[in-house]
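Letter by letter, the chains look like this.
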Amino acid sequence: HSPNISIENNRIGTSGDGGRSVGNAGDGIRVEGARSFGNLIGSLSGIGNVVSGNTGHGIYIGQDVPRVFVQSNLVGLNSDGSDAVPNSGNGLLIN
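These numbers come from a predicted model, not from an experiment.

### With respect to the nonpolar core
Part 1 of the reasoning: Grouped together as the largest cluster of nonpolar side chains are nine residues: I12, I29, V31, I41, V51, I59, I61, V65 and V68.
Part 2 of the reasoning: Secondary-structure elements contributing two or more residues to this core are β3 (29-31) and β6 (59-61).

### A few points about unusual backbone geometry
Part 1 of the reasoning: With a phi close to 60 degrees, N9 is a non-glycine residue in the positive phi region.
Part 2 of the reasoning: Here N9 lies in the loop between β1 (6-7) and β2 (11-12).
Part 3 of the reasoning: We note that S72 has phi near 60 degrees; this positive angle belongs to a residue other than glycine.
Part 4 of the reasoning: For S72, the position within the fold is in the loop between β7 (68-71) and β8 (74-75).
Part 5 of the reasoning: Residue S72 is classed as partly exposed on the basis of its relative accessible area, which comes to 40%.

### A look at the side chain of N73
Part 1 of the reasoning: Along the polypeptide, N73 turns up in the loop between β7 and β8.
Part 2 of the reasoning: At 3.0 Å, the side chain of N73 forms a polar contact with the backbone nitrogen of N49.
Part 3 of the reasoning: There is a polar contact of 2.9 Å between the side chain of N73 and the backbone oxygen of Q71.
Part 4 of the reasoning: Excluding anything up to four places from it in sequence, N73 contacts I41, G42, G48 and N49.

### A look at a nonpolar patch on the surface
Part 1 of the reasoning: There is a patch of nonpolar side chains on the surface, built from V70, L92 and I94 and spanning about 260 Å² of accessible area.
Part 2 of the reasoning: With respect to the secondary-structure elements, I94 resides in strand β9 (residues 92-94).
Part 3 of the reasoning: Under the relative-accessibility criterion, I94 is labelled exposed at 60%.

### Notes on the packing of aromatic side chains
Ring pairs (aromatic) are described by centroid distance and by the angle formed between their planes.
Part 1 of the reasoning: If you walk through the whole model with that rule in mind, you get zero aromatic pairs.
Part 2 of the reasoning: One residue, R30, lies across the ring of Y60, its end atom 3.9 Å from the ring centre.

### Thoughts on the environment of I29
Part 1 of the reasoning: By the element assignment, I29 lies in strand β3.
Part 2 of the reasoning: Of the residues examined, I29 reaches a relative accessible area of 5% and is grouped as buried.

Conventions adopted
- Residues numbered from 1 in each chain as written.
- Predicted model: local features only at pLDDT ≥ 70, side-chain atom pairs only at ≥ 80, totals over all residues.
- Heavy atoms only, no water.
- Core = buried A, V, L, I, M, F, W, Y, C linked by side-chain atoms within 4.5 Å.
- Buried < 20%, exposed > 50% of the residue type's maximum accessible area, 1.4 Å probe, protein only.
- Helix = DSSP H or I, 4+ residues; strand = E, 2+ residues; numbered from the N terminus.
- Polar contact = N/O pair within 3.5 Å; in protein donor to acceptor, adjacent residues only side chain to side chain.
- Contact = heavy atoms within 4.5 Å.
- Patch = residues over 30% accessible without salt bridge, like charges linked within 9 Å, V, L, I, M, F, W, Y side chains within 5 Å.
- Areas by Shrake-Rupley, 256 points an atom, 1.4 Å probe, with all protein chains shown as cover.
- Salt bridge = Lys/Arg side-chain N within 4 Å of Asp/Glu carboxyl O.
- Phe/Tyr/Trp six-rings, centres within 6.5 Å; stacked < 30°, edge-to-face > 60°.
- Lys NZ or Arg CZ within 6 Å of the ring centre and 35° of its normal.

Next comes the structure, spelled out in structure tokens:
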């Protein structure tokens, strides 16, 4: 059971400065399971994540996952949004 999890202010799939791909062997953020609800990916205050350079999707939300909020993220871009650092899959996939 994973209610009310926040993922914010991270560099996922990029270098620490968010400028280049260091990738991983899958999706940057993956949320699955009917018991995952009320999760926040990003932030209301604009302190989101840089989710770029991953070998899978940037953000994957599986079936039967209620109430996941995705906001204020840079997906497929560097940390200042000025250059592409693409994920191999979709930027955001909601299954």
